[in-house]
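Spelled out, the chains give:
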Amino acid sequence: MKRVLFLLLIALMLNGSTAYADVPYNTFTITDDGHGVMMQNAYVPLGVMDGNSIFEGDSEKAGSKPELKGPEDLFVDSDDNIYIADTGNARIVVLDSWGNYLRTVGEGKLSRPTGIYVSESKELYVADFGKQSVFIFDKSGALKKTIGKPKTQLYGKDTPFKPKKIIADKRGSIYIIGEGLVQGLVRLSPEGDFLGYFGGNRAGFDIVRTLQRIFYTKKQLSKITRELPLSPTNVAVDSEGLIYTSTVGINGQAIKKLNVAGKNLLSNVWSFDQISDITVDAMGNFYAVDAVRGRVLEYNRDGALMFIFSYKDTGYQRLGLLQSPTGVAVSSDGRLFVLSGERANVQVFKPTAFTLLVHKALSLYLDGKYAESREPWHEVLRQNSLFSLAHTGIGLAYFKEGQYKEAFEEFQFSKNKKEYSNAYWEIRREWIMKHAADVALTGFILILLLAAVRWSYRRFGFGRQIVHRMKTLKERRLVLQLLHAFRMLRHPVDGYYELEHNGKASVLSATILLVLLLCIRIFSLYTTNFLFASGDPKRINLLSELLIFLIPLFAWMISNYLVSVINDGEGSFKNIYKGTVYALSPYLVFGIPIALLSRTLTLMESVVYTYANNLVVLWCCLLIFIMVKEVHGYEIKDTVKNIIMTIIGMLIMAFVAFILFGLSNQVWEFVYSLYQEVNLRVR
């Protein structure tokens, strides 16, 4: 009866009605700049295949164990048949795509099947954790081959062989995830010969362990536990033979797309950190489930996250909410099957009209029908103007047709840095080919004009009054002090001596330069090409940015002055203030040119922008070092000591400020609570 109701529910929802009931979760997408945007439903729940009643009416076929017990994996083959690793009952259960029981495989032969894969020829691969073996069944369900632990020494005599998940590529090579195999996936030949390890994770960075490696002796290091990389949790393979892995508990790269060389092709893909399973459809879109949050994620083939939906079931058992999902699979018509081993059921989700429209646009583009894909993308934007992937799709269509300006505008809107850079490269190439001769001729004319003006000035005194006024202006004290910033760039040692003893700088000139530095910082924030910018100019908080610039600067000055008082430094706070501001002269001079330079570069020339920025930073650091040495009259050793203690002092100041901020909040809450209490009693 329950199966009938389930089928009726599916039939009603598939009968062309565009209205659907509200779902108990929200759907999001993530923009290219990392911000989440709520959107319309991408998938709605169709029903659930309950493991306790899935064999209703077929109990005789299912034998004496009709209920699913602790299933740990599922797979959908090319005919949309569903294979469930019924781990607790030591068998594989096969259903059709509507939940009807078809057959059971491996009963009496398997012990604890935890991973399954079905090839195009319908051979069933089973990873049996209990028997520590891999079983291969033919399309009729007969056992074809059993593969045990590799005998070769390359695998390792003491290395365990406890297969958890399994796949096979088109050439028949077998990839196995085993418990405790931190080296990666075990790769076997079709005959079961060991070929090596593949696509392992790396251990994450841990500052405590890094410090331990620096300061501990070999004996002490031998006593602490080694940090080992996490083993992948699940694996999938697409039609091109690319392998996808998911990992639970890893910070970054929880999802990988590996080529034949084991290189990850998705270095910057966004995901949660508890991805328990992953699967891929015929278009190359891949789907993942988060074991803790109960979220389902869908990506396009390039790793752009399109949808996040569903949520953790906290006990309400509402259709669409997930409890510790352990498996995900997709059918040819786009339905998603999500397995919950804890509840022994499979929830089914159906794509909405909006998602089908997105898939249609993606499919047209992948087939090379770029112009045809534009209209579905525009329709997507009409339904959701914030869906940035549509702008990327339209931009790619324009790009393939050679309409680079239109593509550039679309990529700029979607913040797709890679494609924006490619479009800009083409626009710049076209502009250079068209205007190179004009630019060269204009430059030549300007040089001639400059030479003519110089010759006229020397021969006839042309413009002598203007030159005289400029010389008079440069001789003014404040102007000379401001221009001293340029001398600091060429002769920093003499510059600091003159700054301290010859009055070449004043508090007023330093303050004016500080204001200019703030203006240049703001200009850079709004002008730097978004390919290299750290944030979106539309989201900039000017007050926060100014505080980020000023607080460390004045913390440095105060800490350096206090440290120098203790360590017999000669510099006054006034000279430290002037010297620190003048030490930032490289940024003052080159900040605007570098920001403007970024507007002309693409990602392929990012090294130019990066090196220019690093050079300015290093130059500023060198000037600060010279400033400390010259202003305080230190030797090099004392200068290094002073700078280290200044930095420690800054950290202490930050720690004290953090404590005071926390205490002030508590004091304010106490005073406010006291006021409310008194006010209540007075009434």
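For the structure itself, look to the data block above.
What this report covers is the structure whose coordinates are included nearby. Every value quoted in this text rests on a predicted model; they were computed, and no experiment measured them.

Observations concerning the nonpolar core
Here comes step 1: Phe307, Val358, Trp377, Phe387 and Tyr496 are the most contacted members of the largest nonpolar core, which has 81 residues in total.
Here comes step 2: The leading source of residues in this core is helix H17 (residues 606–632), at 10 residues.
Here comes step 3: Filtering out sequence-adjacent residues up to four positions away, tyrosine 496 remains in contact with Met488, Gly579, Tyr582, Ala583, Leu623, Ile626, Met627, Glu630 and Val631.

A closer look at the environment of lysine 574
Here comes step 1: Position of lysine 574 relative to the elements: it lies in helix H15 (residues 573–583).
Here comes step 2: For lysine 574 and glutamate 500, which are 74 residues apart along the polypeptide, the C-alpha to C-alpha distance reads 9.8 Å.

A few points about helix H5 (residues 353–366)
Here comes step 1: In this model H5 runs 20 Å from its N-terminal to its C-terminal C-alpha over 14 residues, within 8% of the 20 Å that 1.5 Å per residue would give.
Here comes step 2: Regarding H5, the residues found buried are Phe354, Thr355, Leu357, Val358, His359, Ala361, Leu362, Leu364 and Tyr365.
Here comes step 3: In the segment just after H5, glycine 368 is the residue with positive phi, at about 85 degrees.

Let's talk about the environment of leucine 615
Here comes step 1: Looking at where leucine 615 falls in the secondary structure, it is placed in helix H17.
Here comes step 2: Residue classification places leucine 615 among the exposed positions, given a relative accessible area of 54%.
Here comes step 3: Distance in space between the C-alpha atoms of leucine 615 and tyrosine 587 is 9.9 Å, their sequence separation being 28 residues.

A short note on unusual backbone geometry
Here comes step 1: If you check the backbone angles, lysine 122 has positive phi at about 70 degrees while not being a glycine.
Here comes step 2: Looking at the secondary structure, you find lysine 122 in the loop between strand E8 (113–118) and strand E9 (124–128).
Here comes step 3: For lysine 122, a relative accessible area of 16% gives the class buried.
Here comes step 4: A positive phi angle is found at glutamine 132, which is not glycine, with a value near 55 degrees.
Here comes step 5: Mapped onto the elements of the fold, glutamine 132 is located in the loop between E9 and strand E10 (133–137).

Let's talk about the packing of helix H14 (residues 542–566) against H15
Here comes step 1: It is the contact of H14 with H15, at a shortest axis distance of 10 Å, that shows an interaxial angle of 135 degrees. Put simply, H14 runs oblique to H15. In the packing of H14 onto H15, the handedness of the crossing is right-handed. Across the interface between the two elements, Leu553, Phe554, Trp556, Met557, Ile558, Asn560, Tyr561 and Ser564 from H14 touch Phe573, Ile576, Tyr577, Thr580 and Val581 from H15.

What about the pairing of strand E12 (residues 163–168)?
Here comes step 1: Judged by how many residues are buried, E12 sits mostly within the fold: 5 of 6 residues are covered.
Here comes step 2: Sheet topology note: the E12/strand E13 (residues 174–178) ladder contains 5 bridges and is antiparallel. Each bridged residue has a counterpart across the sheet, and for alanine 168 the counterpart in E13 is isoleucine 174.
Here comes step 3: Turn length for the E12-E13 hairpin, with the two strands adjacent in sequence and antiparallel, is 5 residues, and the turn residue glycine 172 shows positive phi of about 90 degrees.

Considerations on the pairing of strand E27 (residues 345–351)
If a strand is regular, its side chains alternate between the two faces of the sheet.
Here comes step 1: Summarising burial for E27: 6 of the 7 residues are buried, a large majority.
Here comes step 2: For strand E3 (residues 43–50) and E27, the ladder comprises 7 bridges, and the chain directions are antiparallel. Following the sheet pairing, valine 44 is matched in E27 by lysine 350.
Here comes step 3: Two strands pair when backbone bridges link them, and strand E26 (residues 336–340) and E27 are joined in this way by 5 bridges, in the antiparallel orientation. In the strand pairing of E27, valine 338 is matched with glutamine 347.
Here comes step 4: If you look at the hairpin formed by E26 and E27, you'll find 4 residues sitting between the two strands, and alanine 344 has a positive phi there, around 55 degrees.

Things to note about the state of the cysteines
Here comes step 1: Per the counting criterion, the structure on display carries 0 disulfides.
Here comes step 2: Looking at cysteine 519, it has no disulfide partner, and the nearest cysteine sulfur is the one in cysteine 620, 17 Å off.
Here comes step 3: As a non-bridged cysteine, cysteine 620 has cysteine 621 as the owner of its nearest cysteine sulfur, 6.9 Å distant.
Here comes step 4: For cysteine 620, a relative accessible area of 8% gives the class buried.

Here we look at the sheet that holds strand E16 (residues 234–237)
Here comes step 1: Within the open sheet, the 3 strands sit side by side as E16-E17-E18. Their pairing is antiparallel. Two strands in the sheet have a free side with no partner beyond their single neighbour: E16 and strand E18 (255–258). Within the sheet, the average angular offset between the axes of one strand and its neighbour, ignoring direction, is 20 degrees.
Here comes step 2: Pairing between E16 and strand E17 (residues 243–246): 4 bridges, direction antiparallel. Paired with alanine 236 across the strands is tyrosine 244, a residue of E17.

Focus: the sheet that holds E9
Here comes step 1: Read from one edge to the other, the open sheet built from 4 strands follows the order E8-E9-E10-E11, with strand pairing classed as antiparallel. The open sheet has two free edges, formed respectively by E8 and strand E11 (143–147), since each of these has just one partner strand. Each adjacent strand pair in this sheet contributes to an overall mean axis angle of 20 degrees, direction not counted.
Here comes step 2: In terms of strand pairing, E8 meets E9 through 5 bridges, oriented antiparallel. Bridged to tyrosine 117 within E9 is tyrosine 125.

Regarding the pattern of salt bridges
For side chains bearing opposite charge, pairing can occur when the charged atoms are close.
Here comes step 1: Evaluation of the coordinates by the stated rule reveals 19 salt bridges.
Here comes step 2: Across the pair aspartate 79 and lysine 122 runs a salt bridge, and its minimum N-O distance is 3.5 Å. A residue pair is termed long-range when its members are at least 10 positions apart, and aspartate 79 in the loop between strand E4 (73–76) and strand E5 (82–86) and lysine 122 in the loop between E8 and E9 qualify at 43 residues.
Here comes step 3: We classify aspartate 79 as exposed; its relative accessible area is 52%.

Calculation notes
Residues numbered from 1 in each chain as written. Predicted model: local features only at pLDDT ≥ 70, side-chain atom pairs only at ≥ 80, totals over all residues. Heavy atoms only, no water. Core = buried A, V, L, I, M, F, W, Y, C linked by side-chain atoms within 4.5 Å. Buried < 20%, exposed > 50% of the residue type's maximum accessible area, 1.4 Å probe, protein only. Helix = DSSP H or I, 4+ residues; strand = E, 2+ residues; numbered from the N terminus. Contact = heavy atoms within 4.5 Å. Expected span 1.5 Å × (residues − 1). Axes fitted to C-alpha atoms, helices over the stretch in contact; angles between N-to-C directions. Parallel < 35°, antiparallel > 145°, perpendicular 65-115°, else oblique. Left-handed = near helix turned anticlockwise from the far one by under 90°. Pairing = 2+ DSSP bridges. Disulfide = S-S within 2.5 Å. Salt bridge = Lys/Arg side-chain N within 4 Å of Asp/Glu carboxyl O.

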